[in-house]
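Report on the structure
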Protein chains: 2
Amino acid sequence: MALLVGRHLNKIDKKGRVSVPKPYREAVLAEGFAGVYIYPYFKFPALEGAGEAFMKRISASLEDNLELFSDAQEDLAAITLENTFQLSFDPEGRISLPVELCLHAGLDGQALFVGRGSRFQIWSPDAYEEHRSGALERAKATGATLKLSPQLSPQQSPRKDRGA
Amino acid sequence: MALLVGRHLNKIDKKGRVSVPKPYREAVLAEGFAGVYIYPYFKFPALEGAGEAFMKRISASLEDNLELFSDAQEDLAAITLENTFQLSFDPEGRISLPVELCLHAGLDGQALFVGRGSRFQIWSPDAYEEHRSGALERAKATGATLKLSPQLSPQQSPRKDRGA
DNA sequence: GTTCATTATGGGATATCATGGGAATTGATG
DNA sequence: CATCAATTCCCATGATATCCCATAATGAAC
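Note that the structure is predicted; figures quoted are calculated from it, not measured.

Let's shift gears to the overall build of chain A. Across its full length, chain A holds six helices and eight strands. With 164 residues in all, chain A has 43% of them scored as buried. Across chain A, contacts joining residues at least 24 apart in sequence account for 58% of those joining residues at least 6 apart. Put simply, chain A shows about 9000 Å² of open surface, and 53% of that area lies on carbon and sulfur atoms.

Put into structure tokens, the structure is as follows:
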């Protein structure tokens, strides 16, 4: 599927409607459902959303009877699905955010969409600024690095080196 | 995919448009999306860009190597995906650079495309000259040598080295 | 030296996107 | 069956981005 990247600041009108950024709409439309699934992001005052494909992955972790997922992970999946809203696009590509979600994220007038690859988040601009400002410093401090997974192309042998 | 090599100096017009060098266009087109993904290069006042395949590797790596909702995943995604712009080619093969990116790289009227193999960078000519001369000095001073990564040919056993 | 093909560039015309608000539909309730 | 509230649809609008075409620069071919 297409990648969700970048940041998009859109307005929430009096009726609680907000435009989903066009690139995100196109990406999730390709997954089948003409809308998005949105749930409260339990770690922070923010929302997280995705198309049908990602939600099915979460659902799959609940149906697994083996030991692939820990109890904690299953709980997380269950809680996420319980609190998820299925929001359809209107003809202009907007969704209307339920009050419960707006309260959790402290949304008021503006919604900042933040791309995360296969998902996206929705923040109030203020909360986002406060939370994200230290990301680069934190990553440096903790020495967090991203090991690139092997390319998807055939017959490529993985290397174990450190990404910058 | 085809390698991105060499330097190409193109103009940025009043609308913020700049032609992506033809060889780069052809290389990234083969990856699917008719455009490039560009993000700030945090170590220097420059931009880095790539085609869809590379960005998907980053996105997949975040999900494969890091736990969902972990702090490390949060911060690394924030640094990479959230600052990335998806820029489509116009019919002439141009992209229009967002102001935020131009500011980070100090771009004003000219954009120097620098090939880096599977990615490329965009510099203002002045910043590049300054940075490049410094890099050359450092290489001389430390007597740097270049250690090649293993070949990609079949049945090659992975090595654990770090590029010089 | 001339011609042709390709790429880069410039700018006006056009289409698209985000947004706002009224009209119409739905569904719950008495 | 009537009424109300909530939601969804429909259309208008302004800002922006995209398309389209013209032209210049480059280099290859004859």
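Looking now at the protein's contact with DNA strand D. Residues in close proximity to DNA strand D total 13 residues, the closest being A:Arg17, A:Glu92, B:Arg17, B:Pro91 and B:Glu92. A:Lys15 places a polar side-chain atom, nitrogen or oxygen, 3.3 Å from a base oxygen of DNA strand D. Here B:Arg17 contributes a side-chain N or O atom positioned 3.2 Å from a base nitrogen of DNA strand D. Counted by class, the surface near DNA strand D contains two nonpolar, two polar and nine charged residues.

This brings us to the protein's contact with DNA strand C. Lining the immediate environment of DNA strand C, one finds 25 residues, of which A:Lys15, A:Lys22, B:Lys15, B:Arg17 and B:Lys22 sit closest. A breakdown of the atoms of DNA strand C within 4 Å of the protein gives sugar and phosphate a share of 45%. The backbone of A:Lys11 places a nitrogen or oxygen atom 3.1 Å from a phosphate oxygen of DNA strand C. Separating a phosphate oxygen of DNA strand C from a side-chain N or O atom of B:Lys14 is a distance of 2.8 Å. At the level of secondary structure, the elements contributing two or more residues to the surface near DNA strand C comprise strand 1 (7–11), strand 2 (17–19) and helix 1 (22–29) of chain A together with strand 1 (7–11), strand 2 (17–19) and helix 1 (22–29) of chain B.

Let's shift gears to the packing of aromatic side chains. By the definition in use, this model includes 15 aromatic pairs over all chains. Arranged with centres 6.4 Å apart and planes meeting at 75 degrees, the rings of A:Tyr41 and A:Phe42 form a pair that is edge-to-face. What makes A:Tyr41 buried here is its relative accessible area of 1%. Judged by centre distance (6.2 Å) and plane angle (70 degrees), the rings of B:Tyr24 and B:Phe113 are edge-to-face. With B:Tyr24 in helix 1 and B:Phe113 in strand 7 (residues 110–115), this residue pair connects regions lying 89 residues apart in the sequence. Like B:Tyr24, the residue B:Phe113 is buried in the burial classification.

Between chain B and chain A, the contact holds 43 residues from the first and 45 residues from the second. Here chain B meets chain A over a buried area of about 3600 Å², counting both sides, of which 55% is carbon and sulfur. Among the residues of chain B in contact with chain A, B:Arg57, B:Phe69 and B:Glu82 are the three that bury the most area, contributing 22% of the side total. Taken together, the links from chain B to chain A amount to five salt bridges. Notably, a salt bridge pairs B:Asp71 with A:Lys43, separated by 2.8 Å at the nearest N-O pair. Our count for the chain B to chain A interface comes out at 10 residue pairs in polar contact (both at pLDDT 80 or more). Looking at the side of chain B that touches chain A, the elements that each hand over two or more residues are helix 2 (52–65) and helix 3 (71–79) of chain B. Of all the elements, helix 2 of chain B adds the most residues to the side of chain B that touches chain A, at 13 residues. Looking at the side of chain B that touches chain A, its residues break down into 18 nonpolar, 10 polar and 15 charged.

One pass over the full model with this rule turns up 16 salt bridges over all chains. In this structure, the salt-bridge partner of A:Arg132 is B:Glu82, at a minimum N-O distance of 2.6 Å. In this pair, A:Arg132 sits in helix 5 (residues 125–132) while B:Glu82 sits in the loop between helix 3 and strand 5 (85–88), so the two residues belong to two different chains. Owing to a relative accessible area of 1%, B:Glu82 belongs among the buried residues under this scheme.

Of the residues in chain A, 88% reach a pLDDT of 70 or more, and the chain-wide mean stands at 86. When the criterion is pLDDT under 50, residues 154–164 of chain A qualifies, and its contacts beyond four places in sequence or with other chains add up to 17 contacts.

On to helix 3 of chain B. Counting buried positions along helix 3 of chain B gives seven out of nine residues, so the element sits mostly inside the fold. Among all positions of helix 3 of chain B, only B:Gln73, B:Glu74, B:Asp75, B:Leu76, B:Ala77, B:Ala78 and B:Ile79 are buried. The elements touched by buried residues of helix 3 of chain B are strand 3 (35–41), strand 8 (120–123), helix 5 and helix 6 (135–142) of chain A together with helix 2 of chain B.

Reading the values: the criteria
Residues numbered from 1 in each chain as written. Chains lettered and ligands numbered in written order. Predicted model: local features only at pLDDT ≥ 70, side-chain atom pairs only at ≥ 80, totals over all residues. Heavy atoms only, no water. Helix = DSSP H or I, 4+ residues; strand = E, 2+ residues; numbered from the N terminus. Buried < 20%, exposed > 50% of the residue type's maximum accessible area, 1.4 Å probe, protein only. Contact = heavy atoms within 4.5 Å. Areas by Shrake-Rupley, 256 points an atom, 1.4 Å probe, with all protein chains shown as cover. Near = heavy atom within 4 Å. Polar contact = N/O pair within 3.5 Å; in protein donor to acceptor, adjacent residues only side chain to side chain. Nonpolar A, V, L, I, M, F, W, Y, C, P; charged D, E, K, R; others polar. Phe/Tyr/Trp six-rings, centres within 6.5 Å; stacked < 30°, edge-to-face > 60°. Buried area = accessible area lost by both parts, 1.4 Å probe. Salt bridge = Lys/Arg side-chain N within 4 Å of Asp/Glu carboxyl O. pLDDT = per-residue confidence, 0-100.

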